[in-house]
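# Breakdown of the fold
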Amino acid sequence: MYHLRLKGNHYEMGSKRGRIFQKCNTSFPLNLDNFQLKHGKESEKILAAIFPEACEEIHGVCDITGTDYLYFASWLLCMGCCMYNLENNIPVEIRGCTAFAFTKNGRVIYGRNNDLPPYLRDGCKSEIYSPQNGNSFNITTSSFINGEEGLNEHGLAVCMTFVMTNPGNIKPGFNSCFIVRYLLEKANNTRQALALLMELPVASNCNILLADRSGRILIAECTPFCKKIHHPHETSGGSIACITNCFTSDGMKQYDCSDGNNYNAITRYNVVLASFQEHIKDNLLENTKNLLKGRYGFMCQYDNEPGFETVWSQIFDLESLEAYRAEGDPRKKKFIYDNRMCRFRHNLT
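In what follows, the accompanying structure is described. (Residues numbered from 1 in each chain as written. Predicted model: local features only at pLDDT ≥ 70, side-chain atom pairs only at ≥ 80, totals over all residues. Heavy atoms only, no water.)

Counting buried residues along strand β8 (residues 206–212), seven of its seven residues qualify, which places the element largely inside the surrounding structure. The alternating pattern of β8 places C206, I208, L210 and D212 on one face and N207, L209 and A211 on the opposite face, and all of these are buried. In the sheet, strand β7 (residues 156–162) pairs with β8 via seven bridges, with the strands oriented antiparallel. Bridging from a neighbouring strand, V158 pairs with L210 of β8. Where β8 lies against strand β9 (residues 217–222), six bridges are found, and the strand directions are antiparallel. Following the sheet pairing, C206 is matched in β9 by C222. Hairpin connection from β8 to β9: four residues lie between these consecutive antiparallel strands, with G215 at a positive phi of about 100 degrees. (Buried < 20%, exposed > 50% of the residue type's maximum accessible area, 1.4 Å probe, protein only. Helix = DSSP H or I, 4+ residues; strand = E, 2+ residues; numbered from the N terminus. Pairing = 2+ DSSP bridges.)

Pasting the structure below:
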């Protein structure tokens, strides 16, 4: 996993990344069909109107690498959205992922398994951004510029999970990974993040989990047509919210076109909720690691799934801004302590 630090204005940050790509002779699988290219171009207009800083960063990459900006931006905006013709596209659009956040014993803890084809593992990144006129944040991603999860300097965690969408329902807008990036950079807490999210046009189905250091946790089930907000499950010992690769509310299930082909999403969801009651006790970090390792039930045991595995696991402590990350299958890789965000903690008020 790469550990890049980026700071300055967005064009400068993109240019730095572009120089790294250039030095490494990195090439990109820009293989889009007409539908995807049209979707990407229309979505880029929306991205430019709402989050022009991201477009500046993409321009920085493209100017250094000599890549066509609009085609490149379209490719990024199709990720996690409409890479549906699997035989002809890389990355292959199959994704698992389990994410949750809970409050207990006065602490707010976030955890995630990121499940993808293993060829994406070596290119994954845990990056620290310090943009001008925006929040500093840690974003973890199998792509770049956008990402699957992150934690910002205010103790706000944001993450996504993929839910299969009928291609006919896909609309121009933000894909789930750009939603994560946008909210990390622009919002200070769950309330602000939710307000921003509700105004965003969403390109395809996804779950968005929001949690902040005050203990406010929310889930948004999102489609191009509507958004459904869920509050966490409350227990005598705290509260917990979990997202996997399906919608859990009856009114939203009609939009999920996975037909149950979602890598045991419901099983993983139920294991998380049951584990909170039965196993998440006093040693919250160790208990959370064990949950992500699959010691309390099915979470990352994809041994019978060829070409699919947990490529990273991560835990955030939202108060201290400390992270613990296993860079690979958590059954085989140790959780490494990461305090890179802690230097921003003095900014919290």
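Next up on the list: helix α1 (residues 10–23). For α1, with 14 residues, the first-to-last C-alpha span of 20 Å sits near the 20 Å given by 1.5 Å per residue. Among the structural elements, β1 (5–8), α3 (52–65), β4 (125–131) and α5 (176–186) are those in contact with the buried residues of α1. N-capping of α1 is provided by N9, with a side-chain oxygen placed 3.1 Å from the backbone N of Y11. One or two positions beyond α1, positive phi appears at N25, with a value near 55 degrees. (Expected span 1.5 Å × (residues − 1). Contact = heavy atoms within 4.5 Å. Polar contact = N/O pair within 3.5 Å; in protein donor to acceptor, adjacent residues only side chain to side chain.)

Attention shifts here to the packing of helix α2 (residues 34–50) against helix α4 (residues 69–78). In contact at an axis separation of 8 Å, α2 and α4 are set at 95 degrees when each is read in the N-to-C sense. One element, α2, and the other, α4, form an angle in the roughly perpendicular class. Residues Q36, L37, H39, G40, K41, S43, E44 and L47 of α2 form the contact with α4, whose participating residues are Y69, L70, Y71, A73, S74, L77 and C78. Per-class residue counts for the contact of α2 with α4 are eight nonpolar, five polar and two charged. (Axes fitted to C-alpha atoms, helices over the stretch in contact; angles between N-to-C directions. Parallel < 35°, antiparallel > 145°, perpendicular 65-115°, else oblique. Nonpolar A, V, L, I, M, F, W, Y, C, P; charged D, E, K, R; others polar.)

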